[in-house]
Amino acid sequence: MAKFRLGRKRIIFLVVVAVVIIAVVVVMANKKGNSKTSVQTILAEKQGIIETVTATGRIEPSTQVKISADVAAKITFLGVKEGDWVEKGDLLVRLDQELFAAALEQAEASLRSVQAGAELARETVAKAEKDLERTATLIKRNLESQAVYDQMFSTVQIEKARYQSVLENVEQAQAAVKQARDNFSKTTIYSPMAGTISTLNKEVGEIALGSQFQEDVIMIVSNLDEM
């Protein structure tokens, strides 16, 4: 009789536990069914996309000019040092002028020589033309032969051709003088702008190679107001 009562209490306990579990499940299910998902909305419109890129770099002036020599020569004068302020037209560099001065003198001497030759050739042509005119007059008077006239005519043509050749030599000599004078002028370098000497790569006594061979920057003039 005692064993039967004990088993009956155990069954009641299990039934109560099961009812409690079922009740909990039902309550949880009802809460889950009643819960609402919160959704954020916004009006669709056209917008720009901003992309940011992070990188390393170097701050430089907005305007800077690299100063190089156009001819190769030794630097004999530097009128500035790094950090100096210069105005447009200030003398920056002077190169050795000896060779360029000698070349200019030689070119000018050659020009004078060919110009003298051209003047002589012009006078020769003028004389030959006068002789030809005189011969033509004598032929009209039957005082000279046609053969002499033809010879004089050929002489005039030869002298004119020679004079034209000398004139071409004069043009070549003039071009040589212009080139020599231009090279001489390039031995002095002036500042193309107002600014600060931000970089100085050369010293007095060093050789400026000349930009026609390779980039050989003597200095850099920069405008440091805008970076």
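Starting afresh in each chain, residues are numbered from 1 along the sequence in its written order. Since the coordinates come from a predicted model, pLDDT governs what is reported: local features require at least 70, and pairs of side-chain atoms require 80 or more to be given and counted, while whole-chain, interface and lining totals use all residues. Side-chain measures here rest on the full set of heavy atoms in the structure, leaving out hydrogens and waters.

### A few points about the overall build of the protein chain
Note the following rule: Numbering of helices and strands starts at the N terminus; helices are DSSP runs of H or I of at least 4 residues and strands are runs of E of at least 2. For the exposure calls, accessible area comes from a 1.4 Å probe over protein chains only, and a residue counts as buried if that area is under 20% of its type's maximum, exposed if over 50%, partly exposed in between. The contact criterion used throughout is that any non-hydrogen atoms of two residues lie within 4.5 Å. Residue-level accessible areas treat just the shown protein chains as cover; the underlying method is Shrake-Rupley with a 1.4 Å probe.
Helix and strand counts for the protein chain stand at 3 helices and 8 strands. Listing every helix and strand of the protein chain by position from the N terminus yields α-β-β-β-β-α-α-β-β-β-β. By residue count, 22% of the 227 residues in the protein chain fall in the buried class. When contacts within the protein chain are restricted to residue pairs at least 6 apart in sequence, those whose partners lie at least 24 apart make up 79%. Accessible surface for the protein chain amounts to roughly 17,300 Å². Of this, 56% is attributable to carbon and sulfur atoms.

### Topic: the packing of helix 2 (residues 98-140) against helix 3 (residues 146-185)
The angle between the axes and the distance between the axes are what describe a pair of packed helices. The condition is simple: Axis geometry follows a simple rule: fit a line to the C-alpha atoms, using only the stretch in contact for helices, then measure angles between N-to-C directions, giving values from 0 to 180 degrees. With respect to orientation, any angle under 35 degrees is reported as roughly parallel, any angle over 145 as roughly antiparallel, any angle of 65 to 115 as roughly perpendicular, and every other angle as oblique. Here is the rule for handedness: rotate from the far helix to the near one, and if that takes an anticlockwise turn smaller than a right angle the crossing is left-handed, while a clockwise turn gives right-handed. Gly falls in the polar group here, along with every residue not listed as nonpolar (Ala, Val, Leu, Ile, Met, Phe, Trp, Tyr, Cys, Pro) or charged (Asp, Glu, Lys, Arg).
Contact geometry of helix 2 with helix 3 gives a least axis separation of 8 Å together with a crossing angle of 165°. What the angle tells us is that helix 2 and helix 3 run roughly antiparallel. The chirality of how helix 2 crosses helix 3 is left-handed. A breakdown of the residues in the contact of helix 2 with helix 3 according to their chemical character gives 28 nonpolar, 8 polar and 7 charged.

### Here's the deal with the nonpolar core
Note the following rule: By nonpolar core is meant a set of buried Ala, Val, Leu, Ile, Met, Phe, Trp, Tyr and Cys residues that side-chain atoms within 4.5 Å join together.
Within the largest apolar cluster, 19 residues are counted, with the highest numbers of intra-cluster contacts made by Ile75, Leu92, Val93, Leu95, Ile218, Met219 and Val221. Elements that contribute at least two residues to this core include exactly strand 2 (73-78), strand 4 (91-95) and strand 8 (217-223). Formed by 10 residues, the second largest nonpolar core is a distinct cluster that contains Leu104, Ala107, Ala118 and Val177.

### A few points about the environment of Met193
Here Met193 is to be found in the loop between strand 5 (188-190) and strand 6 (195-200). Along the primary structure Met193 and Ser222 are separated by 29 residues, whereas in three dimensions their C-alpha atoms are 8.6 Å apart. Those residues in contact with Met193 that lie beyond four places of it in its chain are Thr63, Val65, Val86, Glu87, Lys88, Val221, Ser222 and Asn223.

### A look at the pairing of strand 4
Every other side chain in a regular strand lies on the same face of the sheet, so the side chains alternate between the two faces. Here is the rule: Strand pairing is assigned whenever DSSP detects at least two bridges linking the two strands.
Sheet analysis places strand 2 next to strand 4, joined by 3 bridges and oriented antiparallel. What sits directly across from Leu78, in strand 4, is Val93. Across 3 bridges, strand 4 lies against strand 5 in antiparallel orientation. Of the residues in strand 5, the one forming a bridge with Arg94 is Thr188.

### Topic: the sheet that holds strand 6
A sheet is described by the order of its strands in space; here 4 strands give the open sequence 1-8-6-3, paired in antiparallel fashion. Of all strands in the sheet, those with a lone pairing partner are strand 1 (63-68) and strand 3 (85-86), marking the two edges. As paired elements, strand 1 and strand 8 share 6 bridges and run antiparallel to each other. Paired with Gln64 across the strands is Ser222, a residue of strand 8.

### Re the side chain of Thr187
Filter applied, for reference: The term polar contact refers here to a pair of N or O atoms within 3.5 Å; inside protein, the definition further demands a hydrogen-donor-capable atom paired with an acceptor-capable atom, and it admits residues adjacent in sequence only when both atoms are side-chain atoms.
Relative to the assigned elements, Thr187 resides in the loop between helix 3 and strand 5. Overall, the relative accessible area of 0% leaves Thr187 in the buried class. A polar contact is formed between the side chain of Thr187 and the side chain of Gln97, at a distance of 3.1 Å. Setting aside chain neighbours within four positions, we find Thr187 in contact with Val71, Val93, Arg94, Leu95, Asp96, Gln97 and Phe100.

### Observations regarding the environment of Asn201
Of note, Asn201 is situated in the loop between strand 6 and strand 7 (207-208). Residues Asn201 and Ile218 lie 17 residues apart in sequence; the distance between their C-alpha atoms is 5.2 Å. Beyond its immediate chain neighbours, meaning those up to four positions away, Asn201 contacts Glu206, Val217 and Ile218. Within the structure, the side chain of Asn201 is placed 3.1 Å from the backbone oxygen of Val217, a separation counted as a polar contact.

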